[in-house]
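Here are the chains, one letter per residue:
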Amino acid sequence: MQIVVKDGSDVPDLARILAPGRVTVVDFYADWCGPCKDVERHLAQKLTGRADIAVRKLNIMTWDSALAKHYVSKLPSMPVQIIFGKDGRKIETISGLDLAALDRAIDKAAR
C-alpha cells in the first residue's frame with residue numbers, strides 16, 4: 001500500500017502510478033471519511049499473501065481539491081476505487097462502501 005497523494009493535489013494521469021504487471025487499486029480517500037477506513041482495512045487484509053495486487057492511495061482532502069474535482073466530485077459517494085488490470089486497462093470504478101464489488105473487480109482484473 002503506497003500513499004501517492006497526501007494533500008489533494010491532482011494526478012493528471014493515473015497511468016503513471018500503476019504497478020506494471022499487477023492489479024492496481026487506486027483508492028481515493030479522505031481522513032474524515034469513515035467508510036474509507038473500512039476499505040483500507042479490507043485492502044490491507046487482501047494484500048496479505050497476494051503479490052499480484054498493488055494499492056495506490058490518494059487523499060482528496062476536501063471535495064474542493066484539484067484531485068477530487070478531477071476524479072470523484074461527480075460520483076455519488078466516498079470512498080472511490082478505480083481498479084486496473086495487470087495490463088493497465090481500467091476494469092471498474094466503485095463508489096461508496098461496497099467491499100463485495102471491490103473483491104469482484106479485483107478478481108476480474110486478476111484474470
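Placed above this text is the structure.
What you are looking at is a predicted structure, and each value in this text was computed from that prediction instead of being measured.

Let us now look at helix α1 (residues 34-47). Between the first and last C-alpha of α1 there are 21 Å, a value that for 14 residues agrees with the 20 Å anticipated at 1.5 Å per step. The secondary structure elements touched by the buried residues of α1 are β2 (23-29), β3 (53-59), β4 (80-84) and α3 (99-110).

Contact geometry of α1 with α3 gives a least axis separation of 11 Å together with a crossing angle of 35 degrees. Crossing hand, α1 versus α3: right-handed. On the side of α1, the interface is formed by V39, H42, L43 and K46, while α3 contributes L99, L102, D103, I106 and D107. Tallied by class, residues from the contact of α1 with α3 come to 5 nonpolar, 1 polar and 3 charged.

Time to look at the pattern of salt bridges. A full pass over the atoms with the stated rule returns 5 salt bridges. One salt bridge in this structure joins D52 and R50, with 2.9 Å as the shortest N-O distance. Among the residues examined, R50 registers a relative accessible area of 24% and is labelled partly exposed.

Analysis parameters
Residues numbered from 1 in each chain as written. Predicted model: local features only at pLDDT ≥ 70, side-chain atom pairs only at ≥ 80, totals over all residues. Heavy atoms only, no water. Helix = DSSP H or I, 4+ residues; strand = E, 2+ residues; numbered from the N terminus. Expected span 1.5 Å × (residues − 1). Contact = heavy atoms within 4.5 Å. Axes fitted to C-alpha atoms, helices over the stretch in contact; angles between N-to-C directions. Left-handed = near helix turned anticlockwise from the far one by under 90°. Nonpolar A, V, L, I, M, F, W, Y, C, P; charged D, E, K, R; others polar. Salt bridge = Lys/Arg side-chain N within 4 Å of Asp/Glu carboxyl O. Buried < 20%, exposed > 50% of the residue type's maximum accessible area, 1.4 Å probe, protein only.

All quantities given are derived from atomic positions and should not be read as evidence of function.
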